[in-house]
Amino acid sequence: MHVQKQRLWERLMALADIGRQPEGGVTRLAFTPEWRRAKEVVAGFMREAGLEVREDAVGNLIGRWPGRRPELPVVLTGSHLDSVFHGGNFDGPLGVLAAVEALQTLREHGVETDHPVEVVSFTDEEGARFRFGMTGSRGVAGTLTAEELEHKDANGVSIAEAMRAYGLPPERFAEAARAKGSVKAYVELHIEQGRVLEQAGLAVGVVTGMAGPLWLTFTIEGEAGHAGATPMGLRHDALVGAAAVIQAIETECRRHPHTVGTVGQLQVHPGGVNIIPGRVTFTLDLRDVDEAERDRAEAAIVDAARAVCEERGLRLTVETLQRIPPVPCAEAIQEIIEDALGQLGLPAMRLVSGAGHDGMQLRDLCPVGMIFARSKDGISHDPAEYTSPEDCAAAADVLMHTLVRLASASVVV
Ligand code: HGY
Ligand code: MN
Ligand code: MN
């Protein structure tokens, strides 16, 4: 039994047109018209698959397959439909659409499951708009707080305000939470976004765990001044200080094989050609599969930043946007995925996820597993992101066989 490769591919390409940018890529930010449109299209696919469709209190789109025993704990699967700015066509949509395709194929073959299965498109996994991610999966986990809904976008609009404008009363966000014991397992199919599977010549991989992203903002304040009239020795140039700190970040992260640090956003104030920068703000995305290593790197980077600012007469402020611990995938689910690969005659390879995913938020609710599909050249968060129709279908087959096992009452995870 195999999924319908062409139907899955056509649905992926239909989504790829929603939020397409003239300069390339897809931008579908949470609570925007493009995101709403993408959910409407996917809700249609869910109905075609025979799923009961609803939206929960934080905007998660859910397609439910009741199974023979709907009172049993649900098996969750899915991913996200929001994107980064100018993102690719597969990061998120593959996990949602492959899950819909898997359930539709099971229904078409008359295969029933004991447990109910739900496909979830989680709200704002990327956090691109509000610089705070995984809002939907935090809502399901019951860990989301009202304070976190106050994160604001570049226009000063908070998540709560965006929810209300979208038609979701933010004061009811807690209703999205799932009770302990109500979820049996969560398994997500996602593109690898790296080169490991490609270098191993494999289409599909088993994820062992997810590195934990820590997002910080650094604000460095010096003295704005006239670019022509201020001698170099009298300056407190915030941008030169920031450059020294960013160099220290790279040096620190290179010390350890799994530590990665990225400065993705930087603002210079006042930003005039002939004005010495008085204030610079930049973000740091710091990750490691080992939380102690990540904490060590964070401490070393902040110490280096303090030393730079001390030496240059600058003022430093560091704020935390989000701090997510690394999360291991359940061994039992990894083995079920490996069995599914075996059933399909595909070799099994285990690998770490450097990227973060919604399953990290569900770690205290249920056992979590992930399946990776090969990424061409390891490219992601970029218009050139690509996974072939064959690899999408192979990974969806693995997901389908994994869901059948997980949703069997005889299987304990
Ligand atoms: O940032 C990440 O790791 C993921 O793409 N949200
Ligand atoms: Mn992503
Ligand atoms: Mn993703």
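This is a predicted model, so every value here is computed, not measured.

Novice: Is there a simple way to explain the overall build of the protein chain in this structure?
Specialist: From N to C terminus, the protein chain includes 10 helices and 16 strands. Against the compact-globule benchmark of 22 Å for 413 residues, the protein chain has a radius of gyration of 23 Å, which places it among compact chains. For the protein chain, with 413 residues in total, the buried portion stands at 57%. For the protein chain, contacts bridging at least 24 residues in sequence account for 79% of all contacts bridging at least 6. Working note: accessible area of the protein chain is about 16500 Å², and carbon and sulfur atoms make up 52% of it.

Novice: When you look at the layout of surface pockets in this model, what are you seeing that I'm missing?
Specialist: With a probe scaled to a water molecule rolled over the atoms, the places where space remains empty come into view. Its volume calculated, the largest pocket comes out at about 1300 Å³. With 4 residues, the single largest contributor to the lining of the largest pocket is strand β12 (residues 279–288). Classifying every residue of the lining of the largest pocket by side-chain character gives 18 nonpolar, 19 polar and 8 charged. Two domains each provide a minimum of three residues to the lining of the largest pocket, namely domain 1 (5–211 + 326–406) and domain 2 (212–323). Volume-wise, the second largest pocket comes out at about 390 Å³. Surrounding the second largest pocket, 18 residues form its lining, Arg129, Arg131, Lys152, Asp153 and Ala154 being those nearest its centre.

Novice: What should I look at first to understand the domain arrangement of the protein chain in this one?
Specialist: Put simply, an interface is often sized by how much accessible area is lost when its parts join up. When the domains of the protein chain are assigned, the result is domain 1 (5–211 + 326–406) and domain 2 (212–323). For domain 1 versus domain 2, the distance between C-alpha centres works out to 33 Å. Across the contact, 15 residues belong to domain 1 and 13 residues belong to domain 2. Summed over both partners, the interface of domain 1 with domain 2 buries about 1000 Å², with 58% contributed by carbon and sulfur atoms. The three residues of domain 1 that bury the most area against domain 2 are Arg131, Ala211 and Pro326, which together make up 58% of that side's buried surface. For the interface between domain 1 and domain 2, the tally reads 5 residue pairs in polar contact (both at pLDDT 80 or more). Across the side of domain 1 that touches domain 2, the residue classes tally to 7 nonpolar, 5 polar and 3 charged.

Novice: In this structure, what is going on with the coordination of the manganese ion (ligand 2)? I would like to understand it.
Specialist: By definition of the ideal shapes, a tetrahedral metal site with four donors has angles of 109.5 degrees and an octahedral site with six donors has angles of 90 or 180 degrees. Looking at the manganese ion (ligand 2), the protein donor atoms are Asp91 (OD), Glu126 (OE), Glu126 (OE) and His381 (NE2), and they sit 2.0 to 2.8 Å from it. When the donors of the manganese ion (ligand 2) are listed by position in the chain, the intervening gaps give D-x34-E-x254-H. In this structure, the manganese ion (ligand 2) is positioned 3.4 Å from the manganese ion (ligand 3), and both are ligated by Asp91. In this pair, Asp91 is assigned in the loop between β3 (74–80) and α3 (93–108) and Glu126 in the loop between β4 (117–122) and α4 (135–141), connecting sequence segments 35 residues apart. When sorted by exposure, Asp91 lands in the same class as Glu126, which is buried.

Reading the values: the criteria
- Residues numbered from 1 in each chain as written.
- Chains lettered and ligands numbered in written order.
- Predicted model: local features only at pLDDT ≥ 70, side-chain atom pairs only at ≥ 80, totals over all residues.
- Heavy atoms only, no water.
- Helix = DSSP H or I, 4+ residues; strand = E, 2+ residues; numbered from the N terminus.
- Rg over C-alpha atoms; globule rule 2.2 N^0.38 Å.
- Buried < 20%, exposed > 50% of the residue type's maximum accessible area, 1.4 Å probe, protein only.
- Contact = heavy atoms within 4.5 Å.
- Areas by Shrake-Rupley, 256 points an atom, 1.4 Å probe, with all protein chains shown as cover.
- 1 Å grid on protein atoms, 1.4 Å probe; cavity = no way out; pocket = protein on both sides within 12 Å on 5 of 7 lines; lining within 4 Å.
- Points joined across faces, edges and corners; volume = space filled by probe spheres on them.
- Nonpolar A, V, L, I, M, F, W, Y, C, P; charged D, E, K, R; others polar.
- Domains from an automatic or database assignment.
- Buried area = accessible area lost by both parts, 1.4 Å probe.
- Polar contact = N/O pair within 3.5 Å; in protein donor to acceptor, adjacent residues only side chain to side chain.
- Donors = N, O, S within 2.8 Å, 3.2 Å for Na, K, Ca; no water.

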